[in-house]
Amino acid sequence: MNLVHTMPITPVLIGPLLACVRLSFRRTVVVSGCALVLALAIGAWTGALGSIGFRVEYGGLVLACAVVPYTARHRAALEAAGARAREVARSTQHLILRPLSRDLAGTRICTRYHCAAPESDIGGDLYDVAVTPYGLRVLVGDVRGHGLEALRLTAATIAAFRELAYTAPDLPALVTDLDKRLTPELEAEDFVTAVLAEFGPGEVRLVNCGHPAPLRAGRRVELLEPFVPVPPLGLRPDPRQYRVRLQPGDRLLLYTDGLTEARAADGTPFPLLAEACRALREPLPDDALDSLYARVVAHTGARPTDDLALVLCQPAEVPVPLMSSSTS
């Protein structure tokens, strides 16, 4: 009897329990069968097969081993359903964030989207372009949060931009219309940071709603900070437009905070101006964006922990001059 107490069979249940959370239905059945045989072997070795205590424990083990395979099947079904949902969300996001590398209204537009969550590929960064009667308009934004809710707000923001970009007479009016359209879609703590650009002859017009400043690369590299800070969409922004002259060969980089908030292992921030200066020397815009992302990964030492959207705009068929990293 003492041996029965010192070698109970209840711990044998650990194997089937672990199997049901890691293995398939069939493999869990095999592990459960092995557990039952092992328990009988323990009972025979200890001489406890005929004891009431052993019978009670073994009965519980049989019941548990009968249930855990179905738990494994249910868990596998949930994982498969989750995988299908993620695949649908990933496909939806790829349809919403159309990859671009083409000339639009005399400007070369190239885009990249890198999600911080490779298992879902669902993030809250967004971009879109529209060739309107008022010129080429570009939107880059960042929805607060991640997951399916962020995807819903991303879709709502892009849908609103695609509808309103063609009718709003200027960027301040477009921002006002976007804010009115999105506010009913947002919860109390939701918002969307955004920068909108409108290209005209020799210039770009900008409205920045709480978003990282665009970067102009030409004879020098500089951030195009807004003169007056404007709150994000959903927080009643008072849009202020500012104009920036573009020289032949200038490039305009729009991006999300995955670029500015990238950190090395020791906390060192990504040196945006210096690295952008080097990356944007690449003659082809696609190569320039690839080089910039590679530099981010090299700096962080791993995949960035935040989503990152990049949009590079360059007047077509114009050579790119050499650049320095001066911001003066």
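Residues numbered from 1 in each chain as written. Predicted model: local features only at pLDDT ≥ 70, side-chain atom pairs only at ≥ 80, totals over all residues. Heavy atoms only, no water.

A. Layout of the overall build of the chain. The helix and strand tally for the chain stands at 9 helices and 11 strands. Put simply, the chain has 328 residues, and 48% of those count as buried. Across the chain, every contact between residues at least 6 apart in sequence was considered, and the portion connecting residues at least 24 apart equals 71%. (Helix = DSSP H or I, 4+ residues; strand = E, 2+ residues; numbered from the N terminus. Buried < 20%, exposed > 50% of the residue type's maximum accessible area, 1.4 Å probe, protein only. Contact = heavy atoms within 4.5 Å.)

B. Spatial organisation of the packing of aromatic side chains. Overall, the coordinates contain 2 aromatic pairs when judged by the stated rule. The interplanar angle of 65° and the centroid separation of 5.5 Å between the aromatic rings of F25 and Y70 together place this pair among those described as edge-to-face. Note that F25 is positioned in helix α3 (residues 25-46) and Y70 in helix α4 (residues 52-96), a separation of 45 residues in sequence. Residue class for F25 comes out partly exposed when judged on its relative accessible area of 22%. (Phe/Tyr/Trp six-rings, centres within 6.5 Å; stacked < 30°, edge-to-face > 60°.)

C. Examining the sheet that holds strand β3 (residues 125-132) more closely. Pairing is antiparallel in the open sheet, where 5 strands are placed in the order β3-β4-β5-β6-β9. Since the sheet does not close on itself, it has two edges, and those belong to β3 and β9 (241-245), each with one partner. Sheet twist, expressed as the mean angle between neighbouring strand axes with direction ignored, is 20°. Note that strand β4 (residues 135-143) and strand β5 (residues 192-200) share 8 bridges and pair antiparallel. Across the sheet, residue R137 finds its bridge partner in β5, namely E198. (Pairing = 2+ DSSP bridges. Axes fitted to C-alpha atoms, helices over the stretch in contact; angles between N-to-C directions.)

D. A look at the packing of helix α2 (residues 14-22) against α3. Packing of α2 against α3 leaves a shortest axis separation of 8 Å and a crossing angle of 175°. Classified by the angle their axes make, α2 and α3 are roughly antiparallel. Across the interface between the two elements, G15, P16, A19 and C20 from α2 touch T28, V31, S32 and A35 from α3. Its residues placed into classes, the contact of α2 with α3 shows 5 nonpolar, 3 polar and no charged. (Parallel < 35°, antiparallel > 145°, perpendicular 65-115°, else oblique. Nonpolar A, V, L, I, M, F, W, Y, C, P; charged D, E, K, R; others polar.)

E. The arrangement of helix α6 (residues 171-182) in detail. Under the 1.5 Å per step criterion, the end-to-end length of α6 is 16 Å for 12 residues, consistent within 8% with the ideal 16 Å. L171, L174, V175, L178, D179 and L182 are the residues of α6 that are buried. Down the axis of α6, the buried set is contained in an arc of 135°. They therefore lie on one face. For α6, the N-terminal capping position is held by D170, with its side-chain oxygen 2.8 Å away from the main-chain nitrogen of A173. (Expected span 1.5 Å × (residues − 1). Arc of directions from axis to C-beta. Polar contact = N/O pair within 3.5 Å; in protein donor to acceptor, adjacent residues only side chain to side chain.)

F. The arrangement of the pairing of β9 in detail. Residue alternation in β9 divides its side chains into a buried set, Y242 and V244, and an unburied set, Q241, R243 and R245. Both strand β6 (residues 203-209) and β9 contribute to a ladder of 5 bridges, which runs antiparallel. Looking at β9, one finds that V204 is bridged to V244.

G. The sheet that holds strand β8 (residues 221-223), seen in detail. The antiparallel open sheet is built from 6 strands, whose spatial order is β1-β2-β11-β10-β7-β8. Strand pairing shows two members of the sheet lacking a second neighbour, β1 (101-104) and β8, which therefore form its edges. Geometrically, the sheet is characterised by an average inter-axis angle of 20° between neighbouring strands, direction not taken into account. Taken together, the 3 bridges between strand β7 (residues 215-217) and strand β10 (residues 251-255) define a ladder with antiparallel strand orientation. Residue pairing across strands places L215 opposite L253, the latter belonging to β10.

H. Inspection of the packing of helix α8 (residues 272-279) against helix α9 (residues 285-300) at higher detail. One way to put it is that α8 packs onto α9 with a least axis distance of 8 Å and a crossing angle of 140°. The angle between α8 and α9 places the two elements in the oblique class. The two elements α8 and α9 meet at a crossing, and its hand is right-handed. Of the residues in α9, those touching α8 at E275, A276, R278 and A279 are A288, S291, L292 and R295. Considering only residue class, the contact of α8 with α9 consists of 4 nonpolar, 1 polar and 3 charged. (Left-handed = near helix turned anticlockwise from the far one by under 90°.)

Function-wise, these values are silent; they only describe arrangement.
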